[in-house]
Amino acid sequence: MATTIHPPATPGIDDRSRLKATSGNGGGRCLVPEGGTLRGVRDYAPPPSSTAIWVFVGAVCMTFAALTSALVVRKGGALDWQHFTLPSILYLNTVVLLASSVTIEIARRRVATFMTGGREAASHPARWLYITLILGLVFLAGQYVAWRQLYAQGLYLATFPSSSFFYVFTAAHALHLFGGLVGMARVIRKLKLHVLRRSTLDATVRYWHFMDVLWIYLLILLWAKL
Amino acid sequence: MHDMSAQAHAAHHAPTGFIRKYVFSLDHKVIGKQYYGLAFFAAIIGMILSWIMRVHLGWTNFAIPGLHLLSKNGAPGDILTPEYYLQLMTMHGTIMVFFVLTTAPFAAFGNFFLPIQVGAEDMPFPRFNMMSFWVTFVSFLVMIAAFFVGDGPSLAGWTQYAPLSAVGPAAGPGQGMGEVLWASSIAIFCVGQLLGSLNFITTTLDMRTQGMSLWRMPLTTWAWFITSVMGLTAFAVLMPACILLVLDHVAGTSFFVPSNLVINDQLQPHSGGSTLLWQHLFWFFGHPEVYIAIVPAMGIVSHILMANIRRPLLSHRALIYSMGAIAVLSYMVYGHHMFVSGMNPISSIAFSFPTLVITIPATIIVLIWLGSLYGSKIRLNSACLFSLGMISMFISGGVSGFFLAQPSLDIMLHATYFVVGHFHFVMAVAAMFGIFAGTYFWFPKMYGRMMNETLGKIHFILTFIGAYCIFMPFHYLGMAGNVRRYQAFTDDYLQPLIPVHRFITIAAVATGAVQAIFLYNFIHSRFWGKPAPENPWEATSLEWSTTSPPPFDNFGGKLPVVYHDPYQYGVEGPAGDYVMQTDPTQIQLESDEA
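Note that the coordinates shown come from a computational prediction; the quantities given were computed from them, not determined experimentally. (Residues numbered from 1 in each chain as written. Chains lettered and ligands numbered in written order. Predicted model: local features only at pLDDT ≥ 70, side-chain atom pairs only at ≥ 80, totals over all residues.)

**Overview of the overall build of chain B**
Here's step 1: Helix and strand counts for chain B stand at 17 helices and 5 strands.
Here's step 2: Taken along the three principal axes of its C-alpha coordinates, chain B extends 80 × 50 × 50 Å.
Here's step 3: In chain B, which comprises 594 residues, the proportion classed as buried is 58%.
Here's step 4: Sequence separation of at least 24 residues holds for 79% of the intrachain contacts in chain B that already meet a minimum separation of 6. (Helix = DSSP H or I, 4+ residues; strand = E, 2+ residues; numbered from the N terminus. Buried ≥ 20, exposed ≤ 12 C-beta atoms within 10 Å, placed from the backbone. Contact = placed C-beta atoms within 7 Å.)

In structure tokens:
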């Protein structure tokens, strides 16, 4: 294939235009240009935690999609499906969770300002994170109350298929949300130790918003299907 | 990229204590070796189980000395009961699919080599990586525990079809505690693989070194990346399915058990569950799982072949696109496992079409391999031989897939040994050959010593012949109507086939025994093998530009810079007919001259 070797020159690398021009057989091509710069092929790489949170969100979406399809299939062919009214406290919990999304967004902005040396919110940068943490715990407590209310009505995990799905969906969401709370506690700790990275903060906030959106989806699903 | 890599490195320095260095290690290389060790051990268990089953199939009343020690009730007088045969079959399939074929080519080699091949010092989340292995290890212990509790492991097969898997102890031995352990183990396994996939994806996307664009990644890295995307989506579906299965057992729910089901004269206390629901959830995972096993082997074989034919494949990109197409299509074909499940026949046609379509990218990959081999001056070392063997197995198993993809033929063949022959060739043995090829190729880099080539070649020849002697007759048995999952063949029409089973049994025991050569070669070379140079195969990718074995931070404190695509073979370089990715030497192609 190759016949000529140039002496090792200044380290160079191909640029994108050349890559395209010779595409189609990337495995066998020599792509060292003359006078190219290394900057040419550096792909944009976001911080791993930013990528990781999207990847994780994708996996969680798959899990809930699987459970949703299970609900649809199970209900579709069932003669034993019994509808029941969702406990009204769930709507209050929803408001609490929505509020927590607002507070964590405020927290993100304040902490970001703090991290970039802004004077605003320089004191107590973690305050809104604490508020979000508390709202998250209130939400979990509210979900527990909803379960107790169903218990009081005699609706247990195995009573009806609809109640089974209610407990499975809400427990799975609560577990994931608890993971978000642990992540937030970690962010607060890192903030106090002055080792918090911006990407970690952003990833945690994104996850929390995702928990919010996921809950809205689940509420609509449970309201419509149960 | 460098900043993040440095951060990952800074997160953990080279450990000195034994526990941190070898047990709860954060180093991706140690974790890779741990995965390999787990797969090695699991493969031995899985193989012994297959021996027991094969001996029983050939000589049903033959007493295997000591078998009663495994289970007094399952093997009274050292002879398997029909139920215990099914229990061993379930464990053979489960252990092999999850703890060998998923663990070795993907988790073991991927953990060790993916960060090195992209020029990173480690994965971005080393603690998740460590958890990934130990969670998998716990999952393995839970699975093995089923041998020692209650009445043994589950007998429902590795596919665990409901309602058999969901009704509890009334369905037979192992369907109580054994079944709960099975479903719990697999749910735990899913968590481990999700953590691993998360690391693989982020390493590939975010940790590449300077100059390492996506298209400059070796085919192995691409294969692991594609596999981790499949793993992430597939295991995320299997996990809730297993949790629902556990709930049917321990909480009295009715997700998978239908109404009015009477088993062993007992009316089951369930109502309205959907048996097909389990199949949908399982096969949505199960078919991508086939590719989770084979795609890394495809990458490994391509990587090794190029180093031995000393030229690049016909098309690097077509192979990557084909692996990607397989990954996408693998989610659309899962219904072909359910042609005879009572599913709507229109659905069968809908699933049949993508099943036939998925053979196109698979065929493209095979044609690229064969076309690249044509006219090449090949170096026939052990790694190369096993790569060729993998191609052979993949083609043999793939061809029988054409028949099974058609619902009308599948109705006749699905419950016969034809299917057993098909999936063992195309998935199990092909992936095993990929694992062997990877071991012979990367052993010098992993352990700093060379394996014995003569023993490697003997191992290949005997294993290659043995594999064909075992699995090719399965197709013949299937065409003759020999049903699978039976523990003995007492029907008249099956009697003439028993000699074929005996031949297969002898071949299986002999081929299994041949693996002792590999075991000896591995252990002996590990401690007493010839010290390995940095680049014994004159290969080009980044793992060969560092010492054997690599230092804790992979590249001795300085990240490499990449100047070339991964496979610059057949060119004139400073050290021979290749130019490494890190070599700034400029190469001029004939096409450029023209």
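**Let's talk about the overall build of chain A**
Here's step 1: Of regular secondary structure, chain A possesses 6 helices and 1 strand.
Here's step 2: Evaluated residue by residue, chain A yields a buried proportion of 34% over its 226 residues.
Here's step 3: Of the contacts formed within chain A by residues at least 6 apart in sequence, a portion of 74% connects residues at least 24 apart.

**Points about the confidence of the model for chain A**
Atomic detail in the predicted coordinates should be set aside for any region of low pLDDT.
Residues and elements named next belong to chain A.
Here's step 1: Considering every residue of chain A, the mean pLDDT works out to 79; 77% of them sit at 70 or more.
Here's step 2: The element-level mean pLDDT for chain A is lowest in helix α1 (residues 16-21), coming to 36, with helix α4 (residues 127-152) highest at 94.
Here's step 3: Considering only residues more than four positions removed or in separate chains, one finds that residues 1-44, a stretch of pLDDT under 50, has 92 contacts. (pLDDT = per-residue confidence, 0-100.)

**Quick word on the pairing of strand β3 (residues 568-573) of chain B**
All names here are of chain B.
Here's step 1: Where β3 meets strand β4 (residues 576-579), 3 bridges bridge the pair, whose relative direction is antiparallel. Residue pairing across strands places Gly573 opposite Gly576, the latter belonging to β4.
Here's step 2: Here β3 folds back onto β4, and the loop between the two strands holds 2 residues. (Pairing = 2+ DSSP bridges.)

**Looking at the nonpolar core**
Here's step 1: Ala430 and Ala437 of chain B are the most contacted members of the largest nonpolar core, which has 220 residues in total.
Here's step 2: Setting aside its immediate chain neighbours within four residues, Ala437 of chain B contacts Ile300, Val301, Ile304, Ala383, Phe386, Ser387 and Met390 of chain B. (Core = buried A, V, L, I, M, F, W, Y, C linked by C-beta atoms within 7 Å.)

**Here's the deal with the confidence of the model for chain B**
Residues and elements named next belong to chain B.
Here's step 1: Summarising the model, chain B shows a mean pLDDT of 90, and 97% of its residues fall at 70 or more.
Here's step 2: The model gives residues 1-11 a pLDDT under 50, and that stretch makes 24 contacts with residues more than four places away or in other chains.
Here's step 3: Interface confidence in the predicted complex, given as ipTM, is 0.89; pTM for the same model is 0.90.

**Considering the packing of helix α7 (residues 219-250) of chain B against helix α9 (residues 316-329) of chain B**
Residues and elements named next belong to chain B.
Here's step 1: One way to put it is that α7 packs onto α9 with a least axis distance of 10 Å and a crossing angle of 15°. The angle between the axes of α7 and α9 places the two elements in the roughly parallel class. In this structure, α7 crosses over α9, and the sense of that crossing is right-handed. Contact with α7, carried on its side by Leu219, Trp222, Ala223, Ile226, Val229 and Met230, involves Leu319, Ile320, Met323, Gly324 and Ala327 of α9 and no other residues of that element.
Here's step 2: When grouped by side-chain class, the residues that make up the contact of α7 with α9 number 10 nonpolar, 1 polar and no charged. (Axes fitted to C-alpha atoms, helices over the stretch in contact; angles between N-to-C directions. Parallel < 35°, antiparallel > 145°, perpendicular 65-115°, else oblique. Left-handed = near helix turned anticlockwise from the far one by under 90°. Nonpolar A, V, L, I, M, F, W, Y, C, P; charged D, E, K, R; others polar.)

**Some details on helix α16 (residues 498-528) of chain B**
Helical geometry: 3.6 residues make up each α-helical turn, so side chains three or four residues apart lie on a common side.
Here's step 1: If you check α16 of chain B, its first and last C-alpha atoms are 45 Å apart, about what 31 residues at 1.5 Å a residue would give, namely 45 Å.
Here's step 2: Looking at the buried residues of α16 of chain B, the elements they touch are α3 (28-58), α14 (417-447) and α15 (453-479) of chain B. (Expected span 1.5 Å × (residues − 1).)

**Notes on the packing of helix α4 (residues 82-117) of chain B against helix α8 (residues 275-309) of chain B**
All names here are of chain B.
Here's step 1: Between α4 and α8, the shortest axis-to-axis distance is 9 Å and the interhelical angle comes to 40°. The pairing of α4 with α8 is recorded here as oblique in orientation. Remark: the crossing between α4 and α8 carries left-handed chirality. Contact residues: Val97, Leu101, Thr102, Pro105, Phe106, Phe109 and Gly110 in α4; Glu289, Ile292, Ala293, Pro296, Ala297 and Ile300 in α8.

**Comments concerning the environment of Phe436 of chain B**
Here's step 1: Inspection of the secondary structure puts Phe436 of chain B in helix α14.
Here's step 2: In this structure Phe436 of chain B comes out as buried when scored by C-beta crowding, with 26 C-beta atoms within 10 Å.

**A short note on unusual backbone geometry**
Residues and elements named next belong to chain B.
Here's step 1: Between Ala162 and the following residue, Pro163, the backbone shows a cis peptide bond with an omega angle of 5°.
Here's step 2: Here Pro163 lies in the loop between α5 (126-145) and α6 (177-206).
Here's step 3: In the segment running from Ser548 into Pro549, the intervening peptide bond is cis, with an omega of -10°.
Here's step 4: With respect to the helices and strands, the residue Pro549 is situated in the loop between α16 and β3.
Here's step 5: The phi torsion at Asp265 lies on the positive side, around 65°, for a residue other than glycine.
Here's step 6: With respect to the element layout, Asp265 can be found in the loop between β1 (262-263) and β2 (266-267).

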